[in-house]
Amino acid sequence: MHSPGPDPGRPARSVGRGFWPYVLIAPAVLGTLYLLVYPLIRAVVISLQDFGLRQLIVGQARFVGLKNYGTLLGDPHFWQVVRRTFLFMGINVVLIMTLSTLVALMVERLGRFGRTAVLSALVLTWAMPVISATTVFQWLFHSEFGIVNSVLTRLGFESFDRYPWFAHGPAAFSIVVALVVWQSVPFAAITLYSALTTVPAELYESARIDGASGPRIFRSITFPMVRPIFLLVFSLEVIWTFRAFVQIWVMTNGGPGDATTILPVYAVQTALSSQRYDLGSAASMVTVVLMSGVLVFYFRQMFRQEDELA
């Protein structure tokens, strides 16, 4: 008797078919581990060592446990930076979410031409490199050649003639906030507008027939429908503003004084200026923990909404 041959109607089973998908994704996984996970683990290790300039050159760092965290948390200046970081984050997030919501609502009500023009402007603003945008803002508020001082002086505000914006703490802080908001609103507005397009028009028509006002329609229909996306954008903006570094470092280096120093800037200043890489890594880990708290809050809210809808 002959053994039955392979069924011509069924594809031949390739050897190791379940193994090849893992081989194909292995480069991406290994690259992610090397570029993201390894630096994080390395920073954790350095934060637990006595790691200064000497250890950076010759090695042989001594393990000190949580001593660096104790030194950091016992420094009053560190807590001033933490408070300033949360103030910076709060102001930015409130302005970003408010302006982006208003822009998204406006775009939804525009005609085809106006909608295309506004969305194109938002995309171009969003696509501008961070360094380029920061340089533009530096020139706008330049004490001698800045357009802002020139316009304010011509409008009759003589006190702004050659006004040194970056030499005054509140003024420099406000400029950094304006820059971060200007760069962040396009992404939030486009995302929220995309969410608004999913709200059924029949709900708006029914609400208007019932005599509901615009604010009432937003509270009762619009916001509940887009709340998951709103919370997602809110969480992302909290994280992005919390870790804003490039804009501050290029524009003010955390100055004048410490007026614009937030946690990421403080970590770099401690590591580079004081040559205390251990304290700088500890400050970075504290920043990671605080940002992780934001993610935990978002996921809890998301799971709670899923439970309510179930």
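Just above sits the structure.
Note that the coordinates shown come from a computational prediction; the quantities given were computed from them, not determined experimentally.

Let us look at the nonpolar core. The biggest cluster of nonpolar side chains holds 60 residues, and the ones touching the most others in it are Leu72, Phe78 and Phe88. For this core, the leading source of residues is helix α8 (residues 169-196), giving 16 residues. Not counting residues within four places of it along the chain, the set of residues in contact with Leu72 comprises Phe78, Tyr266, Leu279, Ala282, Ala283 and Val286.

What follows deals with the environment of Ile96. Tracing the sequence through the fold places Ile96 in helix α4 (residues 76-109). Each C-alpha atom, one on Ile96 and one on Ala121, is 17 Å from the other, the two residues being 25 residues apart in sequence. Those residues in contact with Ile96 that sit more than four places away from it in its chain are Val180, Val181, Ser184, Val185, Ala188, Glu237 and Thr241.

Moving on: the packing of helix α6 (residues 130-140) against α8. The axes of two packed helices give the description: the angle between them and the distance between them. Across the interface, α6 lies against α8 with an axial gap of 11 Å and an inter-helix angle of 140 degrees. With respect to α8, the axis of α6 lies oblique. The two elements α6 and α8 meet at a crossing, and its hand is right-handed. Contacts between α6 and α8 involve Val130, Ala133, Thr134 and Phe137 from the former and Ile175, Ala178, Leu179, Trp182 and Gln183 from the latter. Taken together, the residues of the contact of α6 with α8 break down into seven nonpolar, two polar and no charged.

If you trace the backbone, Gln49 turns up in strand β1 (residues 49-50). Not counting the four nearest positions on each side in its chain, Gln49 is found in contact with Ala61, Arg62, Phe63, Val64, Asn68 and Asp278.

Here we come to the pattern of salt bridges. When their charged atoms lie close together, side chains carrying opposite charge are able to pair. Summed over all chains, the structure comprises three salt bridges. Between Asp50 and Arg62 there is a salt bridge whose closest N-O contact spans 3.5 Å. Here Arg62 lies in strand β2 (residues 62-63) and Asp50 lies in strand β1, a separation of 12 residues in the sequence. Overall, the relative accessible area of 27% leaves Asp50 in the partly exposed class. Linking Glu108 and Arg109 is a salt bridge whose minimum nitrogen-to-oxygen distance equals 3.4 Å. Given a relative accessible area of 22%, Glu108 falls into the partly exposed group. Residue Arg109 is classed as exposed on the basis of its relative accessible area, which comes to 61%.

Here we take up the packing of aromatic side chains. Taken as a whole and assessed by the stated rule, the structure comprises 18 aromatic pairs. Where Phe86 meets Phe242, the ring centres are 5.6 Å apart and the plane angle is 80 degrees; that geometry is what we call edge-to-face. Residue Phe86 is found in helix α4, and its partner Phe242 is found in helix α10 (residues 214-242); the two are separated by 156 residues along the sequence. Given a relative accessible area of 38%, Phe86 falls into the partly exposed group. A network of ring pairs unites the aromatic residues Phe137, Phe141, Phe157, Phe160, Tyr163, Trp165 and Trp182 as a single cluster.

Our focus in this paragraph is unusual backbone geometry. Going from Gly255 to Pro256, the amide bond is cis rather than trans, its omega being 0 degrees. Among the secondary structure elements, Pro256 is positioned in the loop between α11 (246-251) and α12 (263-272). Not every positive phi belongs to a glycine, and Asn253 is a case in point at roughly 60 degrees. Positionally, Asn253 belongs in the loop between α11 and α12. Looking at Asn253, the relative accessible area reads 45%, which means it is partly exposed.

Rules behind the numbers
Residues numbered from 1 in each chain as written. Predicted model: local features only at pLDDT ≥ 70, side-chain atom pairs only at ≥ 80, totals over all residues. Heavy atoms only, no water. Core = buried A, V, L, I, M, F, W, Y, C linked by side-chain atoms within 4.5 Å. Buried < 20%, exposed > 50% of the residue type's maximum accessible area, 1.4 Å probe, protein only. Helix = DSSP H or I, 4+ residues; strand = E, 2+ residues; numbered from the N terminus. Contact = heavy atoms within 4.5 Å. Axes fitted to C-alpha atoms, helices over the stretch in contact; angles between N-to-C directions. Parallel < 35°, antiparallel > 145°, perpendicular 65-115°, else oblique. Left-handed = near helix turned anticlockwise from the far one by under 90°. Nonpolar A, V, L, I, M, F, W, Y, C, P; charged D, E, K, R; others polar. Salt bridge = Lys/Arg side-chain N within 4 Å of Asp/Glu carboxyl O. Phe/Tyr/Trp six-rings, centres within 6.5 Å; stacked < 30°, edge-to-face > 60°.

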